[in-house]
Amino acid sequence: MSYNAPVAEISFTLKNIVGMSEALAEERFGDLSDDLVDAILEEAGKFAAEEIAPIDRIADTVGARFADGAVTMPGDWKTIYRHWCEAGWSSLAGPVDHGGQGLPAMLEMATLEMWHSASMAFGLGPTLTNGAIEALASHASDALKEKYLGRLVSGEWMATMNLTEPQAGSDLNALRARAEPAGDGTYRIFGQKIFISFGEHDLTDNIVHLVLARLPDAPAGTRGISLFLVPKFFVGDDGSLGERNDVHCASIEHKLGIHGSPTCTMVYGDNGGATGWLVGEENRGLACMFTMMNNARLAVGIQGVAIAEAAFQKALTFAEERLQGRAAGASGPSMSPIVEHPDVRRNLLTMKALGRASRAICYACAHAIDMARTGEGEEGRTWQERANLITPIAKAFSTDIGFEVSALGVMVHGGMGYVEETGAAQYLRDSRIAAIYEGTNGIQAIDLVARKLPQSGGEAVRAYIAELRAIADEAQSCNREDFHGLGDGLIAGIDDLEEATDWILAALGEGRTQEALAGATPYLRLFGLAAGGAYLAKGALAAARQATGAAAGASHVHLARFFSETLMGETAGLKRAILKGGHTVLAANATLLAS
């Protein structure tokens, strides 16, 4: 089975769960209308299914190939990328002043989901370019914007993000790449960067690298990092390409998954120094790069959503076709499709419910970004704090879900899932990286607890929890028979979230930071479950209101009930780990080192 974009469900989530309909009614996005949103989603779904999905298997089996410093992309990838750009998908959310369509982040993330479901390796390249566009639009000089942004927005060129070095993984304090002023307004860049996605390829004529490096007199630590734009080829004043810059790809990695995405080791300055241009201010490069990284973290969360959707579709089709045994209560001597066996149904329901919950969380984060961008004063600040709060949850919870759902997909396939023939194993392999790059999920949990919860003295998170509770209360008070009990598990999960939040904020306030951080990962999981369950309940309420009859919106109600009654029970154990488990974590050294 090939991928089939769930356009109707994506539209429903945007409009009825996360707030796009209200934003459209307020004319936050100019003349963007309901009908135009649906038309964009429909066309994106067709492109993803008809053009991108067919090349995914080739990308996985053939992969990107490296020889003599050059990377060749697999199959018809270059042609498909050109078609993608010609259709206008590269410019969807780009700045209007530089050829973009200026559409909201919600639509950008919805289309990114489709590209990544069709092929995670394909979607990764444009994701990085989108982040670079945002960083340059926010921080670059007018001259750099004029020379580079238009070509990036159109997709004619692509961009990369260069942070990691061999001795410095997530610890940017340890960066050694250096930049020396050349005396003419440019800088000479020296150093090596690793794990650079799409650092070299043949999709575009030029590649724009955004590189973190230190100036000679820079302060120690992250306060002394600057950001530089380093093109693969120099660009003339007329936009024409000139000589090759002093940057090259030394190798690409042989990876567990996303084989079509070249992961490069990049070397700067082997022949006198790569020429770079400062982006933003000296020694303030991290602030510029975080503009790109925040965009990328939400986009990586979308990768988890995308893989979960694709893995679920493949597993469901297999379960409907695979005959094995006789289901209890089945009539006749023939074997039953395995979808009729309760345990397989449980796995499939878990896959669908977790995938939809993570989709709602990511889209809600995109909605908060859009509201912050279009809001003013206190409203804009409040929405920005909401986006800050949800971003680590969207990244970490959704990518964990992508891997869990992919693993369940392999299980539904049984032995056929463990071989490469069915394609179920590829989702498992591809999804593993999403929890690692753009800040590991453990780092996201630390960010959530140490930086995002204390916003406005804890009022930002308390306001969000109050919104989740209002949804649960409405579900609890609904008098439809199929809603009976839906609110019980949801309210209990939100109670657990609120108690855990109060405990962590108190621990931080009392200086017990290590104790708070010991529970950071289970806390993020707890948060994701509570938020995801509330969003599914909100969808169930919306579906019930829109349709008529006792069974109206039955599938949304059933999925929300399954989540509340089956999956939400995990929150009690997570709360216990947060409140009680920190001491054993912090005292673990002797146990870990014991023979």
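Given the structure is predicted, the values throughout are model-derived calculations rather than measurements.

How each quantity is defined
Residues numbered from 1 in each chain as written. Predicted model: local features only at pLDDT ≥ 70, side-chain atom pairs only at ≥ 80, totals over all residues. Heavy atoms only, no water. Phe/Tyr/Trp six-rings, centres within 6.5 Å; stacked < 30°, edge-to-face > 60°. Helix = DSSP H or I, 4+ residues; strand = E, 2+ residues; numbered from the N terminus. Buried < 20%, exposed > 50% of the residue type's maximum accessible area, 1.4 Å probe, protein only. Core = buried A, V, L, I, M, F, W, Y, C linked by side-chain atoms within 4.5 Å. Contact = heavy atoms within 4.5 Å. Axes fitted to C-alpha atoms, helices over the stretch in contact; angles between N-to-C directions. Parallel < 35°, antiparallel > 145°, perpendicular 65-115°, else oblique. Nonpolar A, V, L, I, M, F, W, Y, C, P; charged D, E, K, R; others polar. Left-handed = near helix turned anticlockwise from the far one by under 90°.

Colleague: Can you walk me through the packing of aromatic side chains in this structure?
Modeller: For any two aromatic rings, the description comes down to two numbers: the centre-to-centre distance and the angle of the planes. What the rule picks out here adds up to 11 aromatic pairs. Aromatic pair phenylalanine 47 and tryptophan 115: ring centres 6.1 Å apart, planes at 80°, arrangement edge-to-face. Of the two residues, phenylalanine 47 is situated in helix H3 (residues 34-62) and tryptophan 115 in helix H5 (residues 105-118); the sequence distance between them amounts to 68 residues. Summarising the burial analysis for this pair, phenylalanine 47 and tryptophan 115 share the class buried. Relative to phenylalanine 122, the ring of tryptophan 84 has its centre 6.2 Å away and its plane inclined at 80°; by these criteria the two rings are edge-to-face.

Colleague: Is there a simple way to explain the nonpolar core in this structure?
Modeller: Note that soluble globular proteins tend to have their nonpolar side chains buried in a common cluster. Of all hydrophobic cores here, the largest spans 166 residues; its most connected members are Tyr523 and Phe527. Val208, Leu212, Ile225 and Met292 belong to the second-largest nonpolar core, a separate cluster that totals 32 residues.

Colleague: What is the right way to look at helix H12 (residues 441-452) in this model?
Modeller: One turn of an α-helix holds 3.6 residues; hence residues three or four places apart share an orientation. Of all the residues in H12, the buried ones are Asn441, Gln444, Ala445, Asp447, Leu448, Val449 and Lys452. On its buried side, H12 packs onto helix H8 (285-321), helix H10 (377-413), helix H14 (486-509), helix H15 (513-518) and helix H16 (520-546).

Colleague: Explain the packing of helix H9 (residues 342-374) against H16 to me, please; I cannot follow it from the model alone.
Modeller: A pair of packed helices is characterised by two quantities: the angle between their axes and the separation of those axes. Here H9 crosses H16 at 95°, and the two axes come no closer than 8 Å. The pairing of H9 with H16 is recorded here as roughly perpendicular in orientation. Contacts between H9 and H16 involve Ala353, Arg356, Ala357, Ala360, Ile361 and Ala364 from the first element and Gly528, Ala531, Gly532, Tyr535 and Leu536 from the second. Broken down by class, the residue content of the contact of H9 with H16 amounts to eight nonpolar, two polar and one charged.

Colleague: Honestly, the packing of helix H6 (residues 120-139) against helix H7 (residues 142-154) in this entry has me stumped. Any pointers?
Modeller: Two elements in contact, H6 and H7, have axes whose closest approach is 10 Å; the angle formed by their N-to-C orientations is 155°. The orientation of H6 with respect to H7, classified from their angle, is roughly antiparallel. Crossing geometry of H6 relative to H7 is assigned as left-handed. For the pair H6 and H7, contact is made by Thr129, Ile133, Leu136 and Ala137 and by Lys145, Leu149, Leu152 and Val153, respectively.

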